[in-house]
Amino acid sequence: MVALYKIEVAGKSLPSLTNLDKGRYGVIVFENLDKYLHMDKWNRELLDKYCREYSVGVIGFVSPSEETLVAAQLRGFPLFVHTNLRLRDASLNPVSPVLRLTRAGETAWGALPGDDWAVFQHNHSTYEPIEWAQRNSQDYPSDSGGQVHLPLTTVLQDHGQLDGIKRILFGSNLHFWLHRLLFLDALSYLSHGQLSLSLERMVLVDIDDIFVGEKGTRLRPDDVRALIATQKIIASMVPGFRFNLGFSGKYHHHGTHEENLGDDFLLQNVHEFTWFSHMWKHQQPHLYDNITLLMSEMQLNHAFAEDHNIPTDSGYSISPHHSGVYPAHEILYEAWQKIWNIKVTSTEEYPHLRPARLRRGFIHRNIMVLPRQTCGLFTHTMYIDRYPGGRDKLDESIQGGELFQTIVYNPINIFMTHMSNYGSDRLALYTFQSVIKFLQCWTNLKLASAPPIQLAEMYFRLHPDEVDPVWGNPCDDPRHRKIWSKSKNCDSLPKFLVIGPQKTGTTALYTFLSMHSSIASNVPSPDSFEEIQFFNGKNYYRGLDWYMDFFPMDTNMSSIRYMFEKSATYFDGEMVPKRAHALLPHAKIVTILISPAKRAYSWYQHQRAHSDAIANNYSFYQVITAADTAPKALRDLRNRCLNPGKYAQYLERWLSYYTAQQLHIIDGEQLRLNPVDVMNDLQRFLKIQPAFDYSNHLRYDVKKGFYCQIVNEKRNKCLGKSKGRQYPPMDERSAKLLQRFATIIISNTNDKYGSICMQKHFAVRTTHFISLDVSLSSLSLSSSLQALMSTCGINR
């Protein structure tokens, strides 16, 4: 899909229309046609020139107005408009070249929504109607001679014969369902197919709880016969269609005598349908903390399936109430794979139930999770007279409304229904048969169905960007809290993150923070010690449960009020700010900055001290001057050495998710030289209560050359042997190179990055530091940070 940019011109200069001699926009859309017609001469000429040179079309909507126009000429066009009309009975021009997704079917009988319609009157061959409507007969009754009024043009195509610009004009907004289809076709036509939806649509209908239901609400043999008969009708319109039945075996034969016969008749016709496992007793998996118990319940349902010849190889399952799918309950995924070999599931809850148009998919533990849609039918929806809004409301959803639009906009649709929707008034059978017929009447969509695994593979081919999950905070959504294990608590999640970068003093800061009785960090990781490194690597795919295991809540931690995590590689991780904000949107972010050149040199020496083979084979100068044609291992070392020092680039990324008031920047040199004042500032920023008096707990250690924790009058507790290690001075050639490199980077990126608070008037010296400073620069790091904090208000 090509991105669609929405532009609104309100008397100001146009945005940049081109980029490197290429047009940026495929279609120009004006929600208010008046803004297009009354643009100032300079902007209009510029826009018209762009549209002609790049063959870009214009879409415009006549907006409602208190003033009623009668045969008013549109400015600059041989075209007239009548406004504030009430219309009825819309129909389409079957020979219009614009129609692609939309099919010129029957007339959409009845009053059209609203009383502010505009219609177009034209007398030039450049114009061709796309949609017509009739005057509302109540407002304009036929005269005594029985005269029939001519149809009025409500959507008009301009072929561009007058000025070389193609346009499509709408006489009303998108409240009318047919206009939503025509808008999609207008985008496709005017963009020469670049902004087009595929005409392929896949439909799967799940029937959850096929044996679950109170007596009197379950399926009888006649209902099963109707289910099979309607399935055949739908399959004639949707190739491959079969209802997908989800079963909880515990509730088989729990109805009346006739309903139990219905259960038996379903199982006699087991091969008419596809099947998937629910849970044995319809339990919610998030209520299980023991995987053995969860697997034993699943095994009961598996045994029931084998006893009744229900297929067990679909690779698909649905969790009751979507429990454990998202937020992910890890033992559910593990049990699914062990008992059922599940490869696909679906949920309404990712990332949230509403808005439905924003539901997405993801893959976790090799299980593909698809977005699931609703059709307006729920467990209690059994009788038409009890349907919210009645029959008219259901038909509205079918005939151009929510259900119809859901299929139009989603290439792959998995609908959730319930057993009770297929008994009683059999609303589900009516709903799906009707909406499919309506789609065939008004669209050229090609409907089909396929098994869930095939649908999932298709979905992630269409949406490869959704493969990686983004874990949100379950406590921010009341629905998610209800389907999240009670043994988990959001209070244990970190309230602030120390994000690095590496070799700036993060370990010292971690140690100083841990001295406070009200502050605690995660339990150590067996792989990376005090760092979890969750948001920036493979650990993220282990899931939220794995992360929260590092923050246990127990009685020994009752005094802890401020949890934090320190992972120094977070600072420059590409996906880290987005992932961190999704889970911890209210967290504070703490970073430490020192001279980028000094940081790079320290990191290089650290690698050598830890026996990095590449670092030991090359001098620092060879590393920082490595060309793009150098061996990959050397190029990687160069990038890991230099890239984290491009502070502006990474701070800008963090500030696109977190506010400036959530970010605290520590001067790394001041942390080394005067940690007491730095820690006091940090406590004020974090609003730590009660404050900790570091002056009584930190002391300068002459042998180490830095501050350490006081144990007693004669003894200090300092960081390990590797901390504070003295390295040989940086060679002069490297220092000069980095200083020149900094100057180039600053001049090239100053306009791009500006300052981290995006103020062009920001002090030049501060901007230079944030872009890339060097240790030999005369710039004072501390003063730059003070200016930065003062200007951006970061520490307030």
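It should be noted that the structure appears before, not after, this text.
Residues numbered from 1 in each chain as written. Predicted model: local features only at pLDDT ≥ 70, side-chain atom pairs only at ≥ 80, totals over all residues. Heavy atoms only, no water.

(A) The arrangement of the state of the cysteines in detail. Per the stated rule, a full pass over the model turns up 2 disulfides. A sulfur-sulfur distance of 1.8 Å marks the disulfide that ties C475 to C490. Taking the torsion about the sulfur-sulfur bond, which here is approximately 95°, the covalent link between C475 and C490 counts as right-handed. Of this pair, C475 sits in the loop between α11 (452-462) and α12 (478-482) while C490 sits in the loop between α12 and β22 (496-498), and the two are 15 residues apart along the sequence. Between the sulfur atoms of C708 and its disulfide partner C718 the distance amounts to 2.0 Å. Taking the torsion about the sulfur-sulfur bond, which here is approximately 105°, the covalent link between C708 and C718 counts as right-handed. In this pair, C708 is assigned in strand β28 (residues 706-710) and C718 in the loop between β29 (716-717) and α23 (732-753), connecting sequence segments 10 residues apart. Residue classification places C708 among the buried positions, given a relative accessible area of 2%. (Disulfide = S-S within 2.5 Å. Helix = DSSP H or I, 4+ residues; strand = E, 2+ residues; numbered from the N terminus. Buried < 20%, exposed > 50% of the residue type's maximum accessible area, 1.4 Å probe, protein only.)

(B) Summary view of helix α4 (residues 221-237). Compared with the 24 Å implied by 1.5 Å per residue over 17 residues, the 25 Å span of α4 between its first and last C-alpha is a close match. For α4, every residue scored as buried is listed here: P221, D223, V224, A226, L227, I228, T230, Q231, I234 and M237. Each element contacted by the buried residues of α4 is listed here: β13 (200-208), α5 (257-268), α10 (427-442) and β21 (446-448). (Expected span 1.5 Å × (residues − 1). Contact = heavy atoms within 4.5 Å.)

(C) The packing of aromatic side chains, seen in detail. For the structure shown, the criterion picks out 48 aromatic pairs. Aromatic pair F247 and W275: ring centres 6.1 Å apart, planes at 65°, arrangement edge-to-face. Here F247 is found in strand β14 (residues 244-247), whereas its partner W275 is found in strand β15 (residues 274-277), with 28 residues between them in sequence. Each member of the pair, F247 together with W275, is buried. Over the ring of Y510 we find K566, and its NZ or CZ is 5.8 Å from the ring centre. Sitting above the plane of the F685 ring, K588 keeps its charged end 4.7 Å from the centroid. (Phe/Tyr/Trp six-rings, centres within 6.5 Å; stacked < 30°, edge-to-face > 60°. Lys NZ or Arg CZ within 6 Å of the ring centre and 35° of its normal.)

(D) Region of the structure containing the nonpolar core. If you look at the biggest cluster of nonpolar residues, it comprises 138 residues, and the most contacted ones within it are F243, F535 and Y547. In terms of residue count, α10 provides more of this core than any other element does, 10 residues in total. (Core = buried A, V, L, I, M, F, W, Y, C linked by side-chain atoms within 4.5 Å.)

(E) Layout of helix α20 (residues 647-655). What α20 keeps buried is the set Y647, A648, Y650, L651 and W654. For α20, the angular spread of buried residues about the axis comes to 170°, placing them on one side. (Arc of directions from axis to C-beta.)

(F) Up close: the sheet that holds strand β27 (residues 698-701). Judged by pairing direction, the sheet is antiparallel, and its 3 strands sit side by side in the order β27-β28-β29 without closing on themselves. At either margin of the open sheet sits one strand with a lone partner, and together these are β27 and β29. Relative to β28, β27 is paired through 4 bridges, and the arrangement is antiparallel. Among the inter-strand pairings, D701 is bridged to a residue of β28, identified as F706. (Pairing = 2+ DSSP bridges.)

(G) Representation of the pattern of salt bridges. Following the criterion strictly, the structure yields 25 salt bridges and no others. One salt bridge connects K566 with E531, and the closest N-O pair in it is separated by 3.0 Å. Taken together, the positions of K566 in strand β24 (residues 562-566) and E531 in the loop between β23 (519-521) and α14 (544-548) put the pair 35 residues apart, joining distant regions of the chain. Residue classification places K566 among the buried residues on the basis of a relative accessible area of 1%. (Salt bridge = Lys/Arg side-chain N within 4 Å of Asp/Glu carboxyl O.)

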